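# Analysis of the macromolecular model
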Amino acid sequence: MSLINEIIRTLQNVLVLPSFYFMLIQSAAPILLAALGCAVAAKASATNMGMEGIMTFTALIAVLVSSALGGSKGNGPWVGLVVAIAVGALLGFLISVFAFRLKIDIILVGIAMNLIGTGASVFLMYLLTGDRATTTSLQSGTLPQIAIPFIKDIPFLGEVLSNHYILTYFSYILVFIMSFFLFKTKLGLRIRAVGENENAAESVGISSLNIKTIALVISGAIGGLAGAYMSECYLAYFSSGLIAGRGFVGLAACSMGSANPGVICLCCLAFGIFYAFSNFATLSNLSIYALNALPYAVVLIGLVIYSVYTRKKELKRLQGLDSEEHSENKA
Amino acid sequence: MENYLVMQDVTKIYNNGIIANDKVNFSAVKGEIHAICGENGAGKTTLMKMLFGIEQPDEGKIIIKGKDMKLNSPTDAIKAGIGMVHQHFMQVPSLTVAENVMLGIEPTKGLVFDMNEAVRRTKECCEKYGFEINPKAEIQDLSVGVKQKVEIVKALVKGCEILILDEPTAVLTPQETKELFVQLKHLRDTGCTIIFISHKLNEVKELCDRVTVIKKGKTIGVWNIKDVTEADISRYMVGVDVDLNIPKAPAQPKENVLTVKNLTVYNEAGKKKVDDISFSVRRGEIVGIAGVEGNGQRELIDVITGLAKYSHGSIVLDGKEVKDMEIADLREHGMVHIPEDRNLYGCARTMSIKDNMVADKIHKDEYNSGLFLNEKKIKEDTDRWVDEYLVLCDSGEQLVGMLSGGNVQKVVVAREFTSPSKLLISDQPTRGIDVGAAEFVRKKMVEMRDAGEAIILVSADLAEVMSLSDSLIVMHGGKINGYFKDVKSLTEEDLGFYMLGVKHMSEEEIKGALHE
């Protein structure tokens, strides 16, 4: 229990620092991107298990393209970002080809994507830079940070909200875009229809195959965005352990949020607290390893709570239907 | 009146060689409600699937408004003005009524789904045909009856002129059924042609204008509803071709093995499927259970075999209440079960014949030596059973999935019959298997009976039920509608009457099913 006491004590110290909240927003963003990417696919009931692999590979691609174009001095990072998105979309398409046209289990395809993504990126990095660990030698640069006028001058709040990378802001804007896309557009409606009852969609002439493919392509593209975020915003280089499970955490956040962007955002911020917390290890007596493990432990606990909650909800719903049926019978 | 829809000499042969429709003829005029009646497996659903473009006929023509139509998909059928209300609703539960109705033909403003327009059009359609549905309600919050209306509106909004309803009342309460009929009649008066598939003859009689009867994939005839009685239709539908002629001595029933008392079973949605029934099965007799599918037989067998739980009434197997028993306990207690779906519940298709045959005995000492399985004993026994049960295969190592349906069933039968037991539940034991294998299974069952086994036989094959059972229970609407102590005195015509609920027995007679 002394561990928990120590965590609470450190949290109390850290929670007053604006830099902690800044860090929170910064570190929740890539998980948020990953989770939103998973959400589109999940809504079409096509689990994108390969998010981690897509992020890893596109993170490297962004760095390579950027450095080839001269890094921060030119448009390098921007082009890197665009190429990363395109490659992500392509990988999403590949998953759909293997899963729906060649009929391989989509979870297995995802796992293969993760293994290939991590393996191929380290191989490629070694081949092109001669370095097995990082691409620091490439000077690939980062995307610009933005100081928000007015808000940046507000004490505390300015320090928290201003001066983030442009992609960080976009991650949170994407929550609204995604909500709009899924719940207000025709394509979003079809994605949700296919995800919930494929037969219903097919019976009115909607090709579930096409809809699922589109969903996975979008999912992969957002995965590319998340990958570029990690190597062009979070850090300024690619390293072999860069993604470190963020794709999987995104997947977890997506299912905890029932693939609804708003709830997903809250889950990601909750996870972000612990990611940010682990950056303030120096302020505590805790082992750095324990702190690094903390976000994952929290994800696990979160998933358990979520599963208990949904089971209760489902039971309640069934009971509701039950009593309705009985009352009708009596009438 | 001009024929609006004609299906001419339509033949459909499935890949496994089953002839589902053999030169079936069907026609309907504008503005009529036309019933299609037939037993399970008579080919009604196949015929309708072809009309709705889900299946394509091998031979024959579908003519709508004088035009020869090729319907390759439901989309084609919808374009041709055909709508279908499936037994399982094609709806997305979390979406609203309007979204479901407009799915596939979504109104848009630029990229955005135009919800207001969707609601307006849904409302318009509902008002036109007299349905009271809130377009903004979510499907998952609606009762089954309303969901079905949504399904009808879905078809109407796409301009459907021929509406197919596949056993629409199976899921409805009597009140909902009444309401549906009023609406269907109204729909007919607006010029819509309705095809009503059902085996509830009282409903057919009440609702429809004409009836086409199909038996074993062939059209028996078309009648104006006012020219036929329920008994007539039943006689046309039900028919036993051959006496199976199974050599069988009269049963010598002894004491009760299974006693079911006042059993009531609700399904997951809380609908009453088995309604206060009592009966018993004695040592040395075969009790048949007959009934049109969906009248509670499935649920009854599920609770007796431990696949589902019950809360009202009691089931006593060999002196012990089975309520809280796991399936393994039940089997230990002397229950064996040939399940209806052999591929799903009966065997593991990716495992060998040998493994499947010992699957229910593998925990016994004789098949284990220390930590390991006694492979020698397993091989000896299964090889012997393969011979004894005439399983046609290369060896016991062959995968069950490679065998024909009849041989798969023999593997299941071998496993169940070679375990010591007191009660055998035999659910559709010969469905879809060849004549030779079927005869073998039936003969084995009679042998088991003579050795003192209590047997319950559920079968949609009336010839089988009538010639194999010693006594017979007929189920209708979740209740026992008839009990025949001696099947020999029962005519197939009478059986049809009881199955379809045309005739009912008195409570006193039904009580005979329970032997005290």
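Cut-offs applied
Residues numbered from 1 in each chain as written. Chains lettered and ligands numbered in written order. Predicted model: local features only at pLDDT ≥ 70, side-chain atom pairs only at ≥ 80, totals over all residues. Heavy atoms only, no water. Helix = DSSP H or I, 4+ residues; strand = E, 2+ residues; numbered from the N terminus. Rg over C-alpha atoms; globule rule 2.2 N^0.38 Å. Buried < 20%, exposed > 50% of the residue type's maximum accessible area, 1.4 Å probe, protein only. Contact = heavy atoms within 4.5 Å. Areas by Shrake-Rupley, 256 points an atom, 1.4 Å probe, with all protein chains shown as cover. Phe/Tyr/Trp six-rings, centres within 6.5 Å; stacked < 30°, edge-to-face > 60°. Lys NZ or Arg CZ within 6 Å of the ring centre and 35° of its normal. Domains from an automatic or database assignment. Polar contact = N/O pair within 3.5 Å; in protein donor to acceptor, adjacent residues only side chain to side chain. Nonpolar A, V, L, I, M, F, W, Y, C, P; charged D, E, K, R; others polar. Buried area = accessible area lost by both parts, 1.4 Å probe. Salt bridge = Lys/Arg side-chain N within 4 Å of Asp/Glu carboxyl O. Patch = residues over 30% accessible without salt bridge, like charges linked within 9 Å, V, L, I, M, F, W, Y side chains within 5 Å. Pairing = 2+ DSSP bridges. Axes fitted to C-alpha atoms, helices over the stretch in contact; angles between N-to-C directions. Core = buried A, V, L, I, M, F, W, Y, C linked by side-chain atoms within 4.5 Å. Lys, Arg positive; Asp, Glu negative; His and termini not counted. Charge placed at Lys NZ, Arg CZ, Asp CG, Glu CD.

### Points about the overall build of chain B
Across its full length, chain B carries 18 helices and 24 strands. Taking 516 residues into account, the globule formula puts the C-alpha radius of gyration at 24 Å, and chain B, at 25 Å, falls close to it. Taking the principal axes of its C-alpha atoms as reference, chain B extends roughly 75 × 55 × 45 Å. By residue count, 56% of the 516 residues in chain B fall in the buried class. Contacts in chain B between residues far apart in sequence, at least 24 positions, make up 67% of those at least 6 positions apart. As displayed, chain B has an accessible area near 22600 Å², and 50% of this comes from carbon and sulfur atoms.

### Regarding the packing of aromatic side chains
All names here are of chain A. Per the counting criterion, the structure on display carries seven aromatic pairs over all chains. Between the aromatic rings of Phe20 and Tyr21, the centroid separation amounts to 5.4 Å while the plane-to-plane angle is 80°, which identifies the pairing as edge-to-face. The class for Phe20 is buried, based on a relative accessible area of 1%. Every member of this aromatic cluster is reached through a ring pair, and the members are Phe20, Tyr21 and Phe156. Positioned above the aromatic ring of Tyr234 is the side chain of Arg246, whose terminal nitrogen or guanidinium carbon lies 4.9 Å from the ring centre.

### Observations concerning the domain arrangement of chain B
Residues and elements named next belong to chain B. Per the domain assignment, the segments of chain B are domain 1 (3–238), domain 2 (252–334 + 423–516) and domain 3 (344–419). When each unit is reduced to the centre of its C-alpha atoms, the spacing between domain 1 and domain 2 is 34 Å. Taken residue by residue, the interface counts 14 residues in domain 1 and 11 residues in domain 2. Scanning the region where domain 1 abuts domain 2 turns up zero residue pairs in polar contact (both at pLDDT 80 or more). In terms of residue count, helix H8 (residues 230–237) provides more of the side of domain 1 that touches domain 2 than any other element does, five residues in total. Class assignment of the residues belonging to the side of domain 1 that touches domain 2 gives a composition of seven nonpolar, four polar and three charged.

### A word on the interface of chain B and chain A
Taken residue by residue, the interface counts 32 residues in chain B and 26 residues in chain A. For the chain B face of the interface with chain A, the top three residues by lost area are Met90(B), Leu103(B) and Glu106(B), together amounting to 20%. The interface formed by chain B and chain A contains two salt bridges. Close ionic contact of Glu106(B) with Arg190(A) constitutes a salt bridge, the shortest N to O distance being 2.7 Å. In this assembly, chain B and chain A are joined by six residue pairs in polar contact (both at pLDDT 80 or more).

### Thoughts on the side chain of Lys444(B)
Residues and elements named next belong to chain B. Mapped onto the fold, Lys444 is located in helix H15 (residues 435–450). Among the residues examined, Lys444 registers a relative accessible area of 12% and is labelled buried. Among residues more than four places away in sequence, those in contact with Lys444 are Glu388, Tyr389 and Phe417.

### Quick notes on a nonpolar patch on the surface
All names here are of chain A. Judged by side-chain polarity, Leu94, Phe98, Leu102, Ile104, Ile107, Leu108, Ile111 and Leu115 come together as a nonpolar surface patch covering roughly 680 Å² of accessible area. Contributing elements (two or more residues each) for the nonpolar patch: helix H4 (76–101) and helix H5 (106–129). Mapped onto the elements of the fold, Ile104 is located in the loop between H4 and H5. The exposure class of Ile104 is partly exposed, given its relative accessible area of 35%.

### Describing the environment of Glu159(A)
Residues and elements named next belong to chain A. Along the polypeptide, Glu159 turns up in helix H6 (residues 157–161). Glu159 sits in the exposed class, given a relative accessible area of 52%. In the structure, Glu159 is positioned 49 residues away from Ser208 in sequence and 47 Å away in space, judged by C-alpha atoms. What Glu159 contacts, discounting residues up to four positions off in sequence, is Pro18, Phe22 and Ile154.

### Looking at the sheet that holds strand E11 (residues 210–215) of chain B
Residue and element names in this part refer to chain B. Read from one edge to the other, the open sheet built from six strands follows the order E6-E9-E10-E3-E11-E12, with strand pairing classed as mixed. Each edge of the sheet is formed by a strand with only one pairing partner; in this case those strands are strand E6 (82–85) and strand E12 (218–224). Each strand axis lies, on average, 20° off the axis of its neighbour in the sheet, ignoring direction. Judged from the five bridges that link them, strand E9 (residues 162–166) and strand E10 (residues 193–197) form a sheet pairing that is parallel. Among the inter-strand pairings, Ile164 is bridged to a residue of E10, identified as Ile195. In this fold helix H5 (residues 144–157) packs onto E6 and E9, with an angle of close to 170° to the strand it touches most, E6. Strands in contact with H8 are strand E3 (33–37), E11 and E12; relative to E11, the strand with the most contacts, it is inclined by about 25°.

### A short note on the pattern of salt bridges
Residues and elements named next belong to chain B. Counting across every chain of the model gives 38 salt bridges over all chains. Taking the shortest distance from any N to any O, the salt bridge between Arg449 and Asp470 comes out at 2.8 Å. One end of the pair, Arg449, is in helix H15; the other, Asp470, is in the loop between helix H16 (462–468) and strand E23 (471–476), and 21 residues separate them in sequence. Like Arg449, the residue Asp470 is buried in the burial classification. Several salt bridges share partner residues, and in doing so they unite Arg331, Asp360, Lys361, Arg415 and Glu416 into one network.

### Overview of the nonpolar core
Counting residues in each nonpolar core, the largest one holds 181 residues, and the members touching the most others are Leu184(B), Phe279(B) and Ile456(B). Top element by residues in this core is helix H2 (residues 18–43) of chain A. It accounts for 15 residues. Each of domain 1 (3–238) and domain 2 (252–334 + 423–516) of chain B contributes no fewer than three residues to this core. Dropping the residues within four chain positions of it, Phe279(B) is found in contact with Leu258(B), Thr259(B), Val260(B), Leu300(B), Ile304(B), Ile456(B), Ile473(B), Ile480(B), Ala513(B) and Leu514(B). Of all hydrophobic cores here, the second largest spans 34 residues; its members include Val336(B), Met357(B), Val408(B) and Ile433(B).

### Here's the deal with a negative patch on the surface
Residues and elements named next belong to chain B. Together, Glu321, Asp324, Glu326, Asp329 and Glu332 make up a negatively charged patch on the protein surface. The residue Asp329 is located in helix H10 (residues 327–332) in this model. Take Asp329: its relative accessible area is 38%, and that puts it in the partly exposed class.

### Examining the sheet that holds strand E5 (residues 67–69) of chain B
Residues and elements named next belong to chain B. Reading across from one edge, E2-E1-E4-E5 is the order of the four strands in this open sheet, with antiparallel pairing throughout. Each edge of the open sheet is held by one strand with a lone partner, namely strand E2 (19–29) and E5. Here the average twist between neighbouring strands, direction ignored, is 25°. Examined bridge by bridge, strand E1 (residues 3–13) and E2 share seven bridges and lie antiparallel to one another. Across the sheet, the residue bridging to Leu5 is Ala28, located in E2.

### Some points on the pairing of E11(B)
Every other side chain in a regular strand lies on the same face of the sheet, so the side chains alternate between the two faces. Residue and element names in this part refer to chain B. Of all six residues in E11, five are buried, a share of seventy percent or more. Two elements, E3 and E11, share four bridges in a ladder whose sense is parallel. Note that in E11 the partner of Ile36 across the bridge is Thr212. Counting the residues in the hairpin turn of E11 and E12 gives two residues, including Lys216, whose phi is positive at 45°.

### A few points about helix H9 (residues 297–304) of chain B
Residues and elements named next belong to chain B. For H9, a buried count of seven out of eight residues is recorded, marking the element as mostly surrounded by other parts of the structure. Within H9, the full set of buried residues consists of Gln297, Glu299, Leu300, Ile301, Asp302, Val303 and Ile304. Within two residues after H9, Gly306 carries a phi angle of roughly 85°, on the positive side.

### Considering the environment of Leu263(B)
Residues and elements named next belong to chain B. If you trace the backbone, Leu263 turns up in strand E13 (residues 256–266). Overall, Leu263 belongs to the buried group, its relative accessible area being 0%. Distance from Leu263 to Asp275, taken between C-alpha atoms, is 6.8 Å for residues 12 residues apart in sequence. Apart from the residues within four sequence positions on either side, Leu263 is in contact with Val274, Asp275, Asp276, Ile277, Leu300, Val303, Tyr310, His312, Gly313 and Ile315.

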